[in-house]
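Inside the fold
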Amino acid sequence: MRDALFIGIDGGGTNCRARLRNGAGERLGEGRGGPANVRLGPDVVMESILTATRAALAEAGLPEAMLGRLHAGLGLAGAGLTTDRERLRAAAESVFATVAIDTDAVAAWWGACGGADGAILILGTGSCGLAVVGGKRTYVGGWGPEISDEGSGAVLGQAALRRAARAAEGLAPATPLTDALLARFDGSLETIVGWTSTARPTDYGSFVPLVFEHAEQLDRAALDLLGKTAAEVAEMVLRLLDLGAPRVRLIGGLSGPLEGWLPPPIRAHLAPAEADAVDGAILMARAAFV
């Protein structure tokens, strides 16, 4: 085990991160690559994974010829779909010594909980909870902002824009936040509708800093929006605890800003993550290697 080399990959729809450690757990190098959502197809995903892995090898001062000696843990968005996952596994096994592949949420759980019973709640552009208790996995949310992803940046940003549209029509009180959002579209609801036809979750998420900024200024709309978002997060935390998780780890870009908005009894059942999803992917690789 001590002479083994492990590469962990945390891959999403925008980019992927790689980290190389030896059998003793020492960090040797890191790298980044392009999008690695399994639904993009094995060719695209493998190109991103290899770009990130080669960068990690280069930082470690190791030649590309070492690829075949690496034990890989791949935590990838979209890996819950069996057919796509197995196609990617076949491609990865032609490159690496061994391959463990699972969803990015599972890699995050491995990192946050160290493989022990527990739960994570990812709060970023989207949201997704995962509880692993007694070997049983249960997901909460993660189906996209159209029907799910409460507590996420995309859903919060969409709610803020909807609030601004209501204010423009006199259906809700105007506030500095709603005025600022409307100003981005020259005060035109028609412009907003045109924008929404091509807007992606990340586009809605771009409004989130504005919501927090105005909340600090006691803007009533911002306070209301964040209060509702915190209630959504609390509901998901309660569900994960009901599944038997002893603690919930909040992770993702919105986890820090939103934690303070949660009720104290909810915060009492949170715990810090032990490590990130990249190290979680390395733990996946080590578990498969043993």
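Fair warning: this is a prediction, and the values are worked out from it, not measured in the lab. (Residues numbered from 1 in each chain as written. Predicted model: local features only at pLDDT ≥ 70, side-chain atom pairs only at ≥ 80, totals over all residues. Heavy atoms only, no water.)

**Details of the overall build of the protein**
Applicable threshold: A run of DSSP states H or I qualifies as a helix once it reaches four residues; a run of E qualifies as a strand once it reaches two. Both are numbered from the N-terminal end. Radius of gyration: C-alpha atoms only; globule rule: 2.2 Å multiplied by the number of residues to the exponent 0.38. Whether two residues are in contact is decided by their heavy atoms, any of which lying within 4.5 Å being enough.
Scanning the protein from N- to C-terminus turns up twelve helices and nine strands. Relative to the compact-globule value of 19 Å for 290 residues, the protein shows a C-alpha radius of gyration of 21 Å, a close match. Projecting the C-alpha coordinates of the protein onto the three principal axes gives extents of approximately 65 × 40 × 35 Å. A sequence separation of at least 24 residues applies to 62% of the contacts in the protein between residues at least 6 apart.

**Overview of the environment of glutamate 64**
What counts is decided by this rule: Only protein chains enter the accessibility calculation, which uses a 1.4 Å probe; a residue whose area is less than 20% of its type maximum is buried, one above 50% is exposed, and one in between is partly exposed. We define a polar contact as two N or O atoms separated by no more than 3.5 Å, with the added condition that, inside protein, one atom must be a possible hydrogen donor and the other a possible acceptor, whereas residues neighbouring each other in sequence contribute only through side-chain atom pairs.
Secondary-structure assignment places glutamate 64 in the loop between helix H1 (42–60) and strand S4 (70–76). With a relative accessible area of 46%, glutamate 64 lands in the partly exposed category. Remark: the alpha-carbon pair of glutamate 64 and alanine 52, spanning twelve residues in sequence, is separated by 12 Å. When near neighbours in sequence (up to four residues on either side) are disregarded, glutamate 64 contacts Arg54 and Leu57. Of note is the side chain of glutamate 64, whose polar atom sits 3.0 Å from the side chain of arginine 54.

**Quick look at unusual backbone geometry**
The backbone of aspartate 186 sits at a positive phi, close to 55°, despite the residue not being glycine. The residue aspartate 186 is located in the loop between helix H5 (176–183) and helix H6 (189–196) in this model. We classify aspartate 186 as exposed; its relative accessible area is 72%.

**Side note on a nonpolar patch on the surface**
Selection rule: In this scheme, patches are assembled from residues that exceed 30% relative accessible area and form no salt bridge. Like charges are connected within 9 Å, while nonpolar side chains (Val, Leu, Ile, Met, Phe, Trp, Tyr) are connected within 5 Å. Exposure was quantified through the Shrake-Rupley algorithm and a 1.4 Å probe, taking into account, for residues, occlusion by the shown protein chains and nothing else. When a carboxyl oxygen of Asp or Glu is within 4 Å of a side-chain nitrogen of Lys or Arg, the pair counts as a salt bridge.
Taken together, the side chains of Leu218, Leu223 and Trp261 make up a nonpolar region of the molecular surface, amounting to roughly 280 Å² of accessible area. By the element assignment, tryptophan 261 lies in the loop between helix H10 (255–259) and helix H11 (264–267). A relative accessible area of 32% places tryptophan 261 in the partly exposed class.

**What to know about the UniProt feature "domain: ATPase BadF/BadG/BcrA/BcrD type" (unreviewed entry) in the protein**
Cut-off, in case you're wondering: UniProt positions are given in the numbering used here, feature names are shortened, and annotations may be inferred rather than shown by experiment.
Feature annotation in UniProt places "domain: ATPase BadF/BadG/BcrA/BcrD type" (unreviewed entry) on residues 7–241, given in this structure's numbering. Structurally, residues 7–241 is divided into 46% helix and 21% strand, and its ends, taken at the C-alpha atoms, are 32 Å apart.

**Quick notes on the packing of helix H4 (residues 153–168) against helix H8 (residues 208–216)**
To describe two helices that pack against each other, one gives the angle between their axes and the distance between the axes. For clarity, the threshold we go by: What counts as an axis is a line fitted to C-alpha atoms, over the stretch in contact for a helix, and the angles between N-to-C directions run from 0 to 180 degrees. We call two directions roughly parallel when the angle between them is under 35 degrees, roughly antiparallel when it is over 145, roughly perpendicular when it lies between 65 and 115, and oblique otherwise. Crossings are sorted by hand: turned counterclockwise from the far helix by less than a right angle, the near helix makes the crossing left-handed, and turned clockwise it makes it right-handed. Asp, Glu, Lys and Arg are counted as charged, while Ala, Val, Leu, Ile, Met, Phe, Trp, Tyr, Cys and Pro are counted as nonpolar; the rest, among them Gly, fall into the polar class.
The N-to-C vectors of H4 and H8 enclose an angle of 65°; their axes lie 9 Å apart at closest approach. On the basis of their axis angle, the class for H4 and H8 is roughly perpendicular. The chirality of how H4 crosses H8 is left-handed. Facing Gly153, Leu156, Gly157 and Ala160 of H4, the residues of H8 in contact are Val208, Val211 and Phe212. Residues belonging to the contact of H4 with H8 are distributed by class as follows: five nonpolar, two polar and no charged.

**A closer look at the environment of alanine 36**
In this structure, alanine 36 sits in the loop between strand S3 (27–33) and H1. Judged by its relative accessible area of 0%, alanine 36 is buried. Taking the C-alpha atoms as reference points, alanine 36 and leucine 254, separated by 218 residues in sequence, lie 22 Å from one another.

**What about H8?**
Looking at H8, one finds that the buried residues are Val208, Leu210, Val211, Phe212, His214 and Ala215. Residues of H8 that are buried make contact with H4, H5, helix H7 (201–205), helix H9 (220–242) and H10. A positive backbone phi angle near 65° is found at leucine 218, which sits one or two residues after H8.

**Structural notes on the sheet that holds strand S9 (residues 248–251)**
Put simply, the rule reads: Strand pairing follows a simple DSSP-based rule, namely that at least 2 bridges must link the two strands.
In space, the four strands of this open sheet follow the order S8-S7-S6-S9, with mixed pairing throughout. Only two strands of the sheet have a single neighbouring strand rather than two, namely strand S8 (136–140) and S9. Ignoring strand direction, the axes of neighbouring strands in this sheet form an average angle of 15°. Strand direction decides the pairing type here: strand S7 (residues 127–133) and S8, joined by five bridges, are antiparallel. When the bridges of S8 are listed, valine 133 appears paired with lysine 136. Packed onto the sheet, helix H3 (residues 104–113) meets strand S6 (118–123), S7, S8 and S9 and runs at close to 120° relative to S6. On the sheet, H9 packs against S6, S7, S8 and S9 and is oriented at approximately 160° with respect to S6.

**Structural notes on the domain arrangement of the protein**
Here is the rule: By convention here, the domain bounds are inherited from an automatic or database domain assignment.
We note that the domain assignment places domain 1 (5–114 + 274–289) and domain 2 (153–268) within the protein. A C-alpha centroid distance of 32 Å is found between domain 1 and domain 2.

**Structural notes on the sheet that holds strand S2 (residues 16–22)**
Strand order in the open sheet formed by five strands is S3-S2-S1-S4-S5, with mixed pairing between adjacent strands. Two strands close off the open sheet at either side, each with one partner strand: S3 and strand S5 (98–103). Adjacent strand axes in the sheet meet at a mean angle of 15° when their direction is disregarded. In this sheet, S3 lies alongside S2 in antiparallel orientation, the contact comprising six bridges. Following the sheet pairing, leucine 20 is matched in S3 by glycine 29. Those strands touched by H1 are strand S1 (5–11), S2, S3 and S4, and its axis lies near 145° from that of S3. Here H3 sits on the sheet and contacts S1, S4 and S5; the angle it forms with S5, its principal contact strand, is near 100°.

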